[in-house]
Amino acid sequence: MTNAPAAARALEVLGLLSRHTEPLPAAAIARQLGLARSSTYHLLAVLQEHGFVVHLPEERRYGLGVAAFELGSAYSRQAPLQRLARPILTRLVDETRHNAHFAVLHGSDVLYLIEERAPRRPSLVSDVGVRLPAQLTASGLAMLAGLPAAQVRALYPSRDAFVQRQGCGPTSLAQLRSLLSGVRARGYAVEEGTVTPDFSSVAAAVLDHRGHPVAAFALTFEGAGVVAAERLRLATAVSASADALSGRLGRGRAPG
């Protein structure tokens, strides 16, 4: 193997291991990636030498090593997603003159990482570090709509998982699925007063290179003061922001 293909294969091995909850035998790695066994053992040996893979001889399996954990920790420290999102969020606020925020999915909650407040706009509950139930927020709905059905079902295994605010929001998986179908049809999510009375939001998901939703941009505004045509303009603007960051991550948003 030449250097470039070998590097790509090594990354495929790490990606495969990261998607499994348990270490894998070399034969399974070779089979799932379509590699020759000799090539697989060579890649695993190199990755093991550099600490990215650990061999468990008693189990005859390979798992992620300490270096892979350190790499993930370094990603969190450097916060590249927030760094890439901040200038896009600033431009979104400048263009729309409404409050905007950037959030990620954390279990069944959304976690707000950045908030950009427009001049003379009221403060919001979605401050940095705040968590809210994902199914009640436009940001959360935008991201949930991009997840596989099985993952959504795992996040909401029973009616007890459906927390409410203001007495609003879905109370069953069937109701949530209906909302998510609407998000996919439109290409963006909407929220009307389920977080804060009299305030509405539109949001669009950011997709990584695999098409997986990793974050969302959202705009929040006083619902009564924004007519339908303006709401569509805001939805278009927030979708363009999501497209811009998705492009930086290697992929555009999936079509609605």
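Residues numbered from 1 in each chain as written. Predicted model: local features only at pLDDT ≥ 70, side-chain atom pairs only at ≥ 80, totals over all residues. Heavy atoms only, no water.

A. Structural view of the overall build of the protein chain. Counting secondary structure elements, the protein chain contains 9 helices and 8 strands. Taken along its principal axes, the extent of the C-alpha atoms in the protein chain is 65 × 40 × 30 Å. Per-residue burial over the protein chain gives 42% buried out of 256 residues. Excluding contacts between residues fewer than 6 apart, the proportion of contacts in the protein chain whose partners are at least 24 apart in sequence is 54%. Summing over all exposed atoms, the protein chain offers an accessible surface of approximately 13300 Å²; the carbon and sulfur share of this is 54%. Of the side chains in the protein chain, 27 bear a positive and 20 a negative charge, and the two mean positions are spaced by 5 Å. (Helix = DSSP H or I, 4+ residues; strand = E, 2+ residues; numbered from the N terminus. Buried < 20%, exposed > 50% of the residue type's maximum accessible area, 1.4 Å probe, protein only. Contact = heavy atoms within 4.5 Å. Areas by Shrake-Rupley, 256 points an atom, 1.4 Å probe, with all protein chains shown as cover. Lys, Arg positive; Asp, Glu negative; His and termini not counted. Charge placed at Lys NZ, Arg CZ, Asp CG, Glu CD.)

B. Spotlight on the pairing of strand β3 (residues 99–106). By the criterion of burial, β3 is predominantly enclosed, with 6 of the 8 residues buried. Two strands pair when backbone bridges link them, and β3 and strand β8 (residues 213–222) are joined in this way by 5 bridges, in the antiparallel orientation. Among the inter-strand pairings, Ala103 is bridged to a residue of β8, identified as Ala216. With 7 bridges joining them, β3 and strand β4 (residues 109–116) adopt antiparallel strand pairing. By the bridge assignment for β4, Ala103 is matched with Tyr112. Linkage of β3 to β4, two consecutive antiparallel strands, is achieved through a turn of 2 residues, within which Gly107 is found at a positive phi near 70 degrees. (Pairing = 2+ DSSP bridges.)

C. Broad picture of the side chain of Thr194. In this structure, Thr194 sits in the loop between β6 (189–192) and β7 (199–207). Ignoring any residue separated from it by four or fewer positions in sequence, one finds Thr194 in contact with Leu136, Arg165, Gln166, Cys168 and Gly169.

D. Summary view of the sheet that holds β7. Read across the open sheet, the 6 strands follow the order β5-β4-β3-β8-β7-β6; overall the sheet is antiparallel. Both edges of this open sheet fall to β5 (131–133) and β6, since each of them pairs with a single strand only. Averaged over all pairs of adjacent strands, the angle between their axes in this sheet comes to 30 degrees, without regard to strand direction. (Axes fitted to C-alpha atoms, helices over the stretch in contact; angles between N-to-C directions.)

E. Here's a closer look at the packing of helix α2 (residues 26–33) against helix α3 (residues 37–49). Interaxial distance between α2 and α3 falls to 9 Å at its minimum, and their mutual angle equals 115 degrees. Comparing their axes, α3 and α2 come out roughly perpendicular. Handedness of the crossing formed by α2 with α3: right-handed. Here Ala26, Ala27, Ile29 and Ala30 of α2 come into contact with α3, specifically with Arg37, Thr40, Tyr41 and Leu44. For the contact of α2 with α3, a count of residues per class yields 6 nonpolar, 1 polar and 1 charged. (Parallel < 35°, antiparallel > 145°, perpendicular 65-115°, else oblique. Left-handed = near helix turned anticlockwise from the far one by under 90°. Nonpolar A, V, L, I, M, F, W, Y, C, P; charged D, E, K, R; others polar.)

F. Here's a closer look at the packing of aromatic side chains. With the rule as written, the count across this model stands at 2 aromatic pairs. Seen in terms of ring centroids, Phe102 and Phe217 are 5.0 Å apart; in terms of plane orientation they differ by 50 degrees. Their pairing is tilted. Highlighted residues: Phe102 in strand β3 and Phe217 in strand β8, separated in sequence by 115 residues. Of the two residues, Phe102 and Phe217, both sit in the buried class. Ring geometry for Tyr156 and Phe162: centres 4.9 Å apart, planes at 25 degrees, overall stacked. Residue classification places Tyr156 among the buried positions, given a relative accessible area of 1%. According to the relative accessible area criterion, Phe162 is buried, its value standing at 8%. Here the basic side chain of Arg186 rests over the ring of Tyr188, its NZ or CZ set 5.7 Å away from the ring centre. (Phe/Tyr/Trp six-rings, centres within 6.5 Å; stacked < 30°, edge-to-face > 60°. Lys NZ or Arg CZ within 6 Å of the ring centre and 35° of its normal.)

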